[in-house]
There are 2 protein chains.
Amino acid sequence: MKPVDLKQIARELGLSVTTVSKALNDYPDVSKKTKLRVKNLAIKLNYTPNSFALGLRKQESKTIGVIIPDNVHYFFSRVIKGILEVAEKSNYLVILMQSNEDYELEKKQVDLLIGKGVAGILISLSNKTHDFGHLNKIIDSNIPLILFDKIAKNVNCSKVIIDDRKAAYDAVSYLIKKGYKRIAHFRGDLNPQNSIDRFLGYKKALLDNNIEFDSSLVYLCNNNSDFEDGYNNAKKLLSDHKNNVDAVFTVNDLLAIGAIKYFNDNKIKMPESIAIFGFSNWFMSSVISPSLSTVEQHGFEMGKQSGTLLLHEIYCKHNRVKVEHQRIVIQTELVIRDSC
Amino acid sequence: MKPVDLKQIARELGLSVTTVSKALNDYPDVSKKTKLRVKNLAIKLNYTPNSFALGLRKQESKTIGVIIPDNVHYFFSRVIKGILEVAEKSNYLVILMQSNEDYELEKKQVDLLIGKGVAGILISLSNKTHDFGHLNKIIDSNIPLILFDKIAKNVNCSKVIIDDRKAAYDAVSYLIKKGYKRIAHFRGDLNPQNSIDRFLGYKKALLDNNIEFDSSLVYLCNNNSDFEDGYNNAKKLLSDHKNNVDAVFTVNDLLAIGAIKYFNDNKIKMPESIAIFGFSNWFMSSVISPSLSTVEQHGFEMGKQSGTLLLHEIYCKHNRVKVEHQRIVIQTELVIRDSC
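The numbers attached to residues start from 1 for each chain and follow its sequence in the written order. Each chain is given a letter, starting from A, and each ligand a number, starting from 1, according to the order in which they appear as written. Reporting of local features is limited, given that this is a predicted model, to residues whose pLDDT is at least 70; pairs of side-chain atoms are given and counted only at 80 or more, and all residues count toward the totals for whole chains, interfaces and linings. The basis for the side-chain values is all heavy atoms of the structure; hydrogens and waters are excluded.

*Asks:* Can you break down the packing of aromatic side chains residue by residue, with the values?
*Replies:* Pairing of aromatic rings covers Phe, Tyr and Trp, the last counted by its six-membered ring, and requires centre-to-centre distances within 6.5 Å; plane angles under 30 degrees mean stacked, over 60 mean edge-to-face, and any other angle means tilted. Counted according to the given criterion, the structure contains 22 aromatic pairs over all chains. Here the aromatic rings of tyrosine 202 of chain B and phenylalanine 213 of chain B are separated by 6.4 Å at their centres, their planes lie at 75°, and the arrangement is edge-to-face. Of this pair, tyrosine 202 of chain B sits in helix α9 (residues 193-208) while phenylalanine 213 of chain B sits in the loop between α9 and β7 (218-220); the two residues are eleven residues apart in sequence, bridging distant segments of the chain. Within the aromatic cluster, the residues linked to one another by ring pairs are Phe199, Tyr202 and Phe213 of chain A. We count a charge as sitting over a ring when the NZ of a lysine or the CZ of an arginine lies within 6 Å of the ring centre and within 35 degrees of the ring normal. Sitting above the plane of the phenylalanine 279 of chain A ring, arginine 198 of chain A keeps its charged end 3.7 Å from the centroid. Here a helix means four or more residues in a row that DSSP labels H or I, a strand means two or more in a row labelled E, and each is numbered from the N terminus.

Quick look at the structure:
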């Protein structure tokens, strides 16, 4: 059966197509009475708004959607810059959304992007995302999806990540090689995979070097205020372990910077009394005192590769080429500075 | 005359509407011969692609465009967060673009947004934007436009700004009140209004306090690498003026942080030997040593107010309410820390 269109409604009511369209879209220059007549008939005829044009729009859309947990974050703002650069070159527009680490908001945003008919979607998951139905919905809608940085292993799509476990292992191994033995870890939330992997890398480096894992040296930081978490846990660490701790490996730079602030405020010398190793290489890590040793995560590169991969999968879809899902691992590097 | 639509082309050629659409959009599963037949007839009939749906889409579009000079910038990432929050609440999508301080790119992006039929546009101008034809094109296209932070005074639209001149005047007056007399200024590029206004505020504060303006104390920073500009100009400042300078007011925090790095590296005590005052209150300004006195610019609030004003003007347009252009001034505050 041919779908009902605006013309049919217009014909049956003796109105112009424009008036019908305006009535359905609640324009103020159409009378309430007309709106009611149009809407009643639309319901009766099971009218789907502009379905053919909608289909066209979906096929043609040169727009991609990007959902990140937070834009006020040096790493993610670098990633976005990389995505925008790639999109720009291919004349794609980028709809940016931030989930604010809120799972419900992330779900809603996915629905909005699907409804908008974007050509593809890039997501870095919120820390609170525990269910992946919304991601499978994207896949079921035949919209190319790439997860980057904060991913879910079991979702059937391409992923762009770093090897968090190896990067953490390398950082902690470096500390051990430098002679540090009682190494604390300020870890991230329990949920996201990169927080888990960095913890596991930390643990493995200890065990591989015959250093006993001491769970009392691991501090959970999940108050969404990394700087203050770092500051407060540095205080707690020294109160718990006094002189029986000589280094801290933090799951991100901001925690490390908070800890450095506490140690500076309390005249505790770094790295003499305690060494610090961060993760992510925020710009400010190079300018604080002492400058922070950390893991370079190449956010700009991650953005570029994620964007390029998404455009590739969109191209494949349009040209009926089968997509082989990829798992791209961006190489990390240790950046050694004065804090250890 | 009724506009030509896909159905008419399909009817005349004995094809399905889907095939006609695919042919016009160069889908690979339509033969070259068919594409040629369809395209030739489309040209002959003066067919405009999907014009009615396009019109509808424009009217319905709940998407706004945002162009900023750079997303990897604490202030702008705060602004974006504010815009996204407002848009989110009204179910508007945000297309983000960054001009990378490139005027030609900014022009191209405006064209893309107009072509996309966005409901409204927010722009913070690139430093290189010297001509405003592209902005007038937005206005002529009847698309609501708001300029924020980096604006052009003579463009006929609403603006959301801070009072840069007053903020700079307040900062320099504070330094003078604290006893500093030989105050250098690391100024921004010659072009953008906020750079000019901060310089004028600096100069006026000196003159109002009977301190002679000495142009040799003003250093131009326009290498697009603020941190290094700050570092290098701090070096140059001391080489030029030796002990005959006691404070620096910088046009942004990153320059100040570069200068602090130079002074720290050379064991020059702050504020004893030289005081520093920044502008913008980046997060890192609170965590470096010494912590930096600066001007709080309320980026998040600027984003929220700009977004809200734009949605208001879109609403007015849809409801045929005359728009009175506004000039919203976000209040700034001095944040006094250890650097002065």
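*Asks:* Give a description of the packing of helix α2 (residues 17-24) of chain B against helix α3 (residues 32-44) of chain B that names residues and reports values.
*Replies:* Packed helices, taken two at a time, are described by their axes: the angle between them and the distance between them. Residues and elements named next belong to chain B. Geometry is summarised by axes, namely lines fitted to C-alpha atoms with helices restricted to the contacting stretch, and by angles between N-to-C directions that run from 0 to 180 degrees. Taken N-terminus to C-terminus, the directions of α2 and α3 make an angle of 90°; their axes are 9 Å apart at the nearest point. If you check the angle between α2 and α3, you find them roughly perpendicular. Counted together, Thr19, Val20, Ala23 and Leu24 of α2 and Thr34, Lys35, Val38, Lys39 and Ala42 of α3 form the full contact between these two elements. Polar here means any residue other than Ala, Val, Leu, Ile, Met, Phe, Trp, Tyr, Cys and Pro, which are nonpolar, and Asp, Glu, Lys and Arg, which are charged; Gly is therefore polar. For the contact of α2 with α3, the per-class residue count stands at five nonpolar, two polar and two charged. Angle categories: roughly parallel below 35 degrees, roughly antiparallel above 145, roughly perpendicular from 65 to 115, and oblique for all the rest. Note on definitions: a residue-residue contact is assigned when non-hydrogen atoms from the two residues lie within 4.5 Å.

*Asks:* Mind laying out the sheet that holds strand β9 (residues 275-277) of chain B, listing which residues take part and the relevant values?
*Replies:* Residue and element names in this part refer to chain B. Spatial ordering of the open sheet is given by β7-β6-β8-β9, a layout of four strands whose pairing is parallel. Looking at the sheet topology across the chains shown, the edges are occupied by β7 and β9. Here the strands of the sheet are splayed against their neighbours by 20° on average, with no regard to which way each runs. A pair of strands counts as paired when DSSP detects no fewer than two bridges linking them. Here strand β8 (residues 247-250) runs beside β9; their pairing, made up of three bridges, is parallel. Bridge assignment links valine 248 to a residue of β9, and that residue is isoleucine 276. Against the sheet, helix α8 (residues 164-177) engages β6 (183-187), β8 and β9, with an angle of about 170° to β8.

*Asks:* Please give an account of unusual backbone geometry that cites residues and values.
*Replies:* All names here are of chain A. For the bond running from methionine 270 to proline 271, omega is 0°, close enough to zero to count as cis. Despite not being glycine, lysine 242 shows a phi value in the positive range, around 40°. On the secondary structure map, lysine 242 appears in the loop between α10 (226-241) and β8 (247-250). One non-glycine residue, lysine 267, lies in the positive phi region at around 50°. For lysine 267, the position within the fold is in the loop between α11 (253-265) and β9 (275-277).

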